[in-house]
Amino acid sequence: MQIVVIGAGAAGMVAAAEAAKRGANVILLEKNTKTGVKILMSGGTRCNVTHDTDARGILPGFGHASRFLQPTIGAFPPSEVVRMFADLGVATKVESTGKVFPQSDRAIEVRDALQRQAVESGVQIIRQQSVQRLTRRDEHWLIETDDESYAADRVIVTAGGRSWPGCGTTGDGYGWLEKLGHSIVDTRPALVPLTGGFEWTKALSGITLEDCVVTAENQTSEAKKSKQSMSRRSSWLFTHFGFSGPAAMDVSRIVTLTEKLSRVRVQLDMAPDVSAEAIEATLCDTAGGAGRRRLSNVLNQWVPSRLATAVASEMCGDPTIAELTKTGRRATVTGIKQLALPITGTRGFSKAEVTAGGVSLKEVNPRTMESRVAKGLYIAGEVLDVDGWIGGYNFQAAFSTGRAAGIAAATAEG
């Protein structure tokens, strides 16, 4: 059994190793000079390999793809990813956010472990092989690169999406798969910083809200009045171009659903543990010397001081509590609990951590990752129409789908 795996990223290296362990002759092709380039860059070069939860806990992070991923993540959940790395000599740790990192905080250990596992399992890794064509010839596959041709009984495509194109992930696989009859759901950036805001929010560049709730809503069809929305509770970063941080990047999935940004609503709750009523009651309290306090000083108990000053100034000029009008009080409460933020777009694929869209999940067997369109073709990882929340979700999907593809490709009959 000859198997060629295209793309030596997280999904590809796991797929290749699993296939080789089951007796297949496996060639792993990589267009770059080194394997796992995105692994090396991810998590600020620390590599967040998965999330500290079980299969049931991680699946909701994939939205529409959660049902499709249920068999593969159920068979290889986060605990098994952690065990895999432990067996490969990479100790992991869980941070307060639930993110799982290598104990060393070095992404290169993750990449090296996956590469070593593949090589020790018998995989032949061939770098600087940019695939140009993938065609079916009788009962075999022909994979043509710039200067070589490879024949295979089965092919596993793990070529990635379009995010971080500097890593070599430029969406090459979509073209080959489309020619083979696959439908490609329109691709768009996901886990990407947002552009927009006001001049005063841009002036807050560098300020982080450690705990907030952001809600994004996109009226995807004006005719049908249909909406897609999501809320995420995490940290939020104000930037000179707009917004970043886990909460902003998670809801970017909703923002990029349409080019008509007038249909997009993003709202920020800066103090999720404090009710609007409690804030209003505090702003009404003028007993003793409380009325002499500046509004910004009162808001500082809930948000960072620079942000408190900015909100107080923008909403009502930062008066004392005694001078605060009813209108000003209501505007301030809204500013803290329901701040509506204009969004002009995103930083695009060059700053996106993953790609939304890709190979239609209807055309792939969710248990084996085999194409329903072309026999002997398996598809895994980011090239699929799968994208998850920030926090190790996307590497988890890559490991689980890659593992399933490698096992099935090596063991399926026919």
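Going by the structure above, here's the rest.
What this report covers is the structure whose coordinates are included nearby. (Residues numbered from 1 in each chain as written. Predicted model: local features only at pLDDT ≥ 70, side-chain atom pairs only at ≥ 80, totals over all residues. Heavy atoms only, no water.)

**Points about the overall build of the protein chain**
Quick note on the threshold: Only DSSP runs of H or I reaching four residues or more are called helices, and only runs of E reaching two or more are called strands; each is numbered from the N terminus. The buried label goes to any residue with under 20% of its type's maximum accessible area, the exposed label to any with over 50%, and the partly exposed label to all in between, with areas taken from a 1.4 Å probe on protein chains only. Any two residues whose heavy atoms approach within 4.5 Å are treated as being in contact. In this description, accessible areas are obtained by the Shrake-Rupley approach with a 1.4 Å probe, and a residue is regarded as covered only by the protein chains that are shown. Asp and Glu count as negative and Lys and Arg as positive, but His and the ends of the chain are not part of the count. By convention, charge coordinates are those of NZ in Lys, CZ in Arg, CG in Asp, or CD in Glu.
Each helix and strand in the protein chain was counted, giving 14 helices and 20 strands. For the protein chain, the proportion of its 414 residues judged to be buried stands at 57%. A sequence separation of at least 24 residues applies to 72% of the contacts in the protein chain between residues at least 6 apart. Put simply, the protein chain shows about 17500 Å² of open surface, and 45% of that area lies on carbon and sulfur atoms. For the protein chain, the distance from the average position of its 47 positive side-chain charges to the average position of its 43 negative side-chain charges is 4 Å.

**Things to note about the packing of helix α1 (residues 10-21) against helix α6 (residues 107-120)**
To keep it simple, the criterion reads: Structural elements are reduced to axes, namely lines fitted to C-alpha atoms, with helices fitted over the stretch in contact, and the angle between N-to-C directions of any two is expressed from 0 to 180 degrees. For this classification, under 35 degrees means roughly parallel, over 145 means roughly antiparallel, 65 to 115 means roughly perpendicular, and everything else is oblique. Helix crossings get a hand from a simple test, with the near helix turned counterclockwise from the far one by less than a right angle marking a left-handed crossing and a clockwise turn marking a right-handed one.
Put simply, α1 and α6 touch, their axes get as near as 8 Å, and they point 25° apart. By the criterion of interaxial angle, the relationship of α1 to α6 is roughly parallel. You can see that α1 and α6 cross each other, and the crossing is left-handed. In contact with Met13, Val14, Ala17 and Lys21 of α1, α6 contributes Arg111, Leu114, Gln115, Gln117 and Ala118.

**Considerations on the nonpolar core**
For the record, the criterion: We call a set of buried Ala, Val, Leu, Ile, Met, Phe, Trp, Tyr and Cys residues a nonpolar core when their side-chain atoms join them within 4.5 Å. The domain limits used here are those given by an automatic or database domain assignment.
Of all hydrophobic cores here, the largest spans 124 residues; its most connected members are Ile143, Trp236, Leu268, Leu307, Leu377 and Phe399. No other element matches the ten residues that helix α14 (residues 393-411) contributes to this core. Three or more residues apiece are contributed to this core by two domains, here domain 1 (2-189 + 349-411) and domain 2 (194-346). Apart from the residues within four sequence positions on either side, Ile143 is in contact with Val4, Ile6, Leu29, Val131, Arg133, Leu134, Glu148, Ser149, Tyr150, Ala152 and Val155.

**What to know about the packing of aromatic side chains**
What counts, and what does not: Each aromatic pair joins two rings of Phe, Tyr and Trp (for Trp, the six-membered one) with centres within 6.5 Å, and gets the label stacked for planes under 30 degrees apart, edge-to-face for over 60, and tilted for any other angle. Only Lys NZ and Arg CZ are tested; either one counts as a charge over a ring when it is within 6 Å of the ring centre and within 35 degrees of the ring normal.
On inspection of all chains with the given rule, the structure shows seven aromatic pairs. When the ring of Phe85 is compared with that of Phe399, the centres are 5.6 Å apart and the planes differ by 70°; the resulting orientation is edge-to-face. Of this pair, Phe85 sits in helix α5 (residues 78-87) while Phe399 sits in helix α14, and the two are 314 residues apart along the sequence. Of the residues examined, Phe85 reaches a relative accessible area of 1% and is grouped as buried. Through successive ring pairs, a cluster of aromatic residues spans Phe62, Trp389 and Tyr393. Sitting over the ring of Trp389, Arg232 keeps its end group 3.6 Å from the ring centre. For Arg347, the ring lying beneath its charged end belongs to Phe241, and the centroid distance is 4.1 Å.

**A few points about the sheet that holds strand β6 (residues 124-126)**
Heads up, the condition is: A strand pair is defined by DSSP finding two or more bridges across the two strands.
With parallel pairing, five strands are arranged side by side in an open sheet as β6-β2-β1-β10-β20. Across the chains shown, the open sheet's two edge strands, defined by having one partner strand only, are β6 and β20 (377-379). Put simply, the sheet's adjacent strands are angled 20° from each other on average, direction ignored.

**A closer look at the environment of Arg367**
Considering the arrangement of structural elements, one finds Arg367 in the loop between β19 (354-359) and β20. The class of Arg367 is exposed, set by a relative accessible area of 63%. When the C-alpha atoms of Arg367 and Thr401 are compared, they prove to be 8.6 Å apart, with 34 residues separating the residues in sequence. Dropping the residues within four chain positions of it, Arg367 is found in contact with Pro71, Thr72 and Ala404.

**What about helix α7 (residues 172-179)?**
Buried within α7 are the following residues: Gly173, Tyr174, Trp176 and Leu177. Tucked inside the fold, the buried residues of α7 contact β1 (2-6), β7 (131-137), β10 (154-157), β11 (184-190), β19 and β20. Just downstream of α7 lies Gly181, where phi reads positive at about 110°.

**What about the packing of helix α10 (residues 276-284) against helix α13 (residues 326-337)?**
Relative placement of two packed helices is described by the angle separating their axes and the distance separating the axes. Stated precisely, the cut-off is as follows: Under this grouping Gly is polar, as are all residues other than the nonpolar Ala, Val, Leu, Ile, Met, Phe, Trp, Tyr, Cys and Pro and the charged Asp, Glu, Lys and Arg.
Two numbers describe how α10 lies on α13: the axes approach to 10 Å, and their chain directions differ by 140°. Taken together, the axes of α10 and α13 lie oblique to each other. Two packed elements cross with a definite hand, and for α10 against α13 that hand is right-handed. Mapping the contact onto sequence places Ala276, Ile279, Glu280, Leu283 and Cys284 in α10 and Arg329, Thr332, Val333, Ile336 and Lys337 in α13. Tallied by class, residues from the contact of α10 with α13 come to six nonpolar, one polar and three charged.

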